[in-house]
Structure formats: structure tokens, C-alpha cells
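In case you want the letters, here they are:
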Amino acid sequence: MHAPTESHWAAIKHILRYLKGTSSFGLHLTRGPSLSLHGFTDEDWAGSIDDRKSTGGYIVFLGTTPISWKSGKQRTVARSST
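Residues numbered from 1 in each chain as written. Predicted model: local features only at pLDDT ≥ 70, side-chain atom pairs only at ≥ 80, totals over all residues. Heavy atoms only, no water.

Draft legend 1. Main features of the pattern of salt bridges. In the structure shown here, the tally under the stated rule is 1 salt bridge. Between Lys73 and Asp51 there is a salt bridge, with its nearest N and O atoms 3.4 Å apart. Of this pair, Lys73 sits in strand E3 (residues 65-73) while Asp51 sits in the loop between strand E1 (37-43) and strand E2 (55-62); the two residues are 22 residues apart in sequence, bridging distant segments of the chain. Judged by relative accessible area, which is 28%, Asp51 ranks as partly exposed. (Salt bridge = Lys/Arg side-chain N within 4 Å of Asp/Glu carboxyl O. Helix = DSSP H or I, 4+ residues; strand = E, 2+ residues; numbered from the N terminus. Buried < 20%, exposed > 50% of the residue type's maximum accessible area, 1.4 Å probe, protein only.)

Draft legend 2. Broad picture of the pairing of E3. Two strands pair when backbone bridges link them, and E2 and E3 are joined in this way by 8 bridges, in the antiparallel orientation. Residue pairing for E3: Val60 is matched across the bridge by Ser68. (Pairing = 2+ DSSP bridges.)

Draft legend 3. Highlighting the packing of aromatic side chains. Throughout the structure, instances matching the rule amount to 1 aromatic pair. Aromatic side chains Phe40 and Phe61 sit 6.1 Å apart centroid to centroid with 75° between the ring planes, which places their arrangement in the edge-to-face category. Within this pair, whereas Phe40 is found in strand E1, its partner Phe61 is found in strand E2, the two being separated by 21 residues in sequence. (Phe/Tyr/Trp six-rings, centres within 6.5 Å; stacked < 30°, edge-to-face > 60°.)

Limitation: the analysis is restricted to geometry and does not speak to function.
In C-alpha cells form, the structure reads like this:
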């Protein structure tokens, strides 16, 4: 950047503090018969009784170690399942 502002420096300091505090975190990969990549996903359709919104999520495994996952409720109401 040619002209960083105070907010840019604050963001950089925030990122550096985060990295310093999480430097010992990591994924524990164990030796197994294979390091295959598997992904699973699931959705419910209008499962919330209160607002009829759908909830869904996914998880991805490398071997037996989960490496990525997410779940959440949709922002809008589904009108069709297709």
C-alpha cells in the first residue's frame, strides 16, 4: 500500500496478535492406511418451526482428521426443494 492509514495499521496489529496467540494451534494428522479426502454435507428443508428457514452444513476429512467444516441457517426461506 502506498499510503496506509491508522485503520490499516490497526488491522495489521490485530492480525499479528492473532497469529502470535495461535502459533501453537494445528491439525494433528496421524499415519494411517490412506490420507483420502472425504466430504459430507446435509440440509434440512424448512426445518425451523419458528421461521421455516433451512439449516445445512458440511465437513471435509483428510484421512480421519476434519480439515474444514461449516454449518448455518439460510438467510431466506426456501420456497422449493429443487
